[in-house]
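Summary of the model geometry
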Amino acid sequence: MAADFDEPVFDDDFVRGATFTEPSARERARKPSGRERRRMRRAAERARRTGGGARFRRRRRYRDPSHRTAVLQLIGAIAVLFAISFALWWWNSSPAEPERPVERIVPTAPGPEAPAPEAPGPGGPADPDSPAPAPTTDVPTGIPEI
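Computed from a predicted model, the values in this text were never measured in an experiment.

Overview of the overall build of the protein
- Broken down by element type, the protein carries five helices and zero strands.
- Along the protein, helices (α) and strands (β) appear in the sequence α-α-α-α-α when read from the amino end.
- For the protein, with 146 residues in total, the buried portion stands at 0%.
- For the protein, the exposed surface amounts to about 15,400 Å²; the carbon and sulfur share of it is 59%.

Next up, the structure:
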């Protein structure tokens, strides 16, 4: 049966039963009595037992790592990164003795005796049938004038 709109949703008995009081500062500051300590110890044991029986006891509990462990982990991570970078450097470095001699590449340019190519006009290259300048093996002494 639905409640009427003029009736309160929570009556006084419900509100009185739902209220609770917090301990005062004096109560919080005092040491727990022996009875309270035993009660807390039993509750902890009960909670530990209900967590999975024998399996729970064999499982290692989580602990925060100490500062020494954190420093060792940091040093280990840096060592691993250094090893990876060294291995990549070693892999990409050239071999000590090359398989074939290195050939020197010299840029080719027309010599001073060769005529300079004509600049193309607005319609395209000057003469498409003219042969390309022949490559030379002479080392250029200066920049040729165009």
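With respect to a positive patch on the surface
- There is a patch of like positive charges on the surface, built from K31, R35, R37, R38, R39, R41, R42, R46 and R49.
- Tracing the backbone through its elements, the reader meets R39 in helix α3 (residues 34-49).

With respect to the packing of aromatic side chains
- Evaluated as defined, the whole model comprises four aromatic pairs.
- Seen from their ring centres, W89 and W90 are 6.3 Å apart, and the 65 degrees between their planes marks the pair as edge-to-face. When sorted by exposure, W89 lands in the same class as W90, which is exposed.

Observations regarding helix α5 (residues 67-92)
- With 26 residues, α5 should reach 38 Å at 1.5 Å per residue; the first-to-last C-alpha distance of 38 Å fits that figure.
- Burial analysis of α5 places just zero of its 26 residues in the buried class, a small minority of the element.

Points about the confidence of the model for the protein
- For the protein, the mean per-residue pLDDT works out to 76, and 73% of the residues sit at or above 70.
- Across the protein, the element-wise mean pLDDT spans from 51 in helix α4 (residues 54-58) up to 94 in α5.

A short note on a nonpolar patch on the surface
- Judged by side-chain polarity, V9, F10, F14 and V15 come together as a nonpolar surface patch covering roughly 440 Å² of accessible area.
- Here V9 shows up in the segment before α1 (12-18).

With respect to the pattern of salt bridges
- Applying the stated criterion to the full structure yields two salt bridges.
- The residue R48 makes a salt bridge to E45 at a minimum N-O spacing of 2.8 Å. Residue R48 and its partner E45 are both found in helix α3; the two are separated by three residues, about one turn of the helix.
- For R48, a relative accessible area of 37% corresponds to the partly exposed category.

Rules used throughout
Once a new chain begins, its residue numbering starts again from 1 and follows that chain's sequence as written. Where local features are concerned, this predicted model is filtered to residues with pLDDT of at least 70; where side-chain atom pairs are given and counted, the filter is 80 or more; whole-chain, interface and lining totals use all residues. Hydrogens and water are ignored here; the side-chain numbers use all heavy atoms of the structure. A run of DSSP states H or I qualifies as a helix once it reaches four residues; a run of E qualifies as a strand once it reaches two. Both are numbered from the N-terminal end. The cut-offs for exposure are 20% and 50% of the maximum accessible area for each residue type, with area from a 1.4 Å probe on protein chains only; residues under the lower value are buried, those over the upper are exposed, and the others partly exposed. Every accessible area reported is derived by Shrake-Rupley at a probe size of 1.4 Å, with residue values counting cover from the shown protein chains alone. Each patch is built from residues lacking any salt bridge and having more than 30% relative accessible area; the joining distance is 9 Å for like charges and 5 Å for nonpolar side chains (Val, Leu, Ile, Met, Phe, Trp, Tyr). In what follows, salt bridge is the name for a side-chain nitrogen of Lys or Arg lying within 4 Å of a carboxyl oxygen of Asp or Glu. For the charge count, each Lys or Arg is scored as positive and each Asp or Glu as negative, with His and the chain ends excluded. Here the site of a charge means NZ on Lys, CZ on Arg, CG on Asp, or CD on Glu. Geometry of aromatic contacts follows a simple scheme: Phe, Tyr and Trp rings, the Trp one being its six-membered ring, pair when their centres are within 6.5 Å, and the pair is stacked under 30 degrees between planes, edge-to-face over 60, tilted otherwise. One fewer than the residue count of a helix, multiplied by 1.5 Å, yields its expected span. The pLDDT score gives, residue by residue, the confidence of the prediction method on a 0 to 100 scale.

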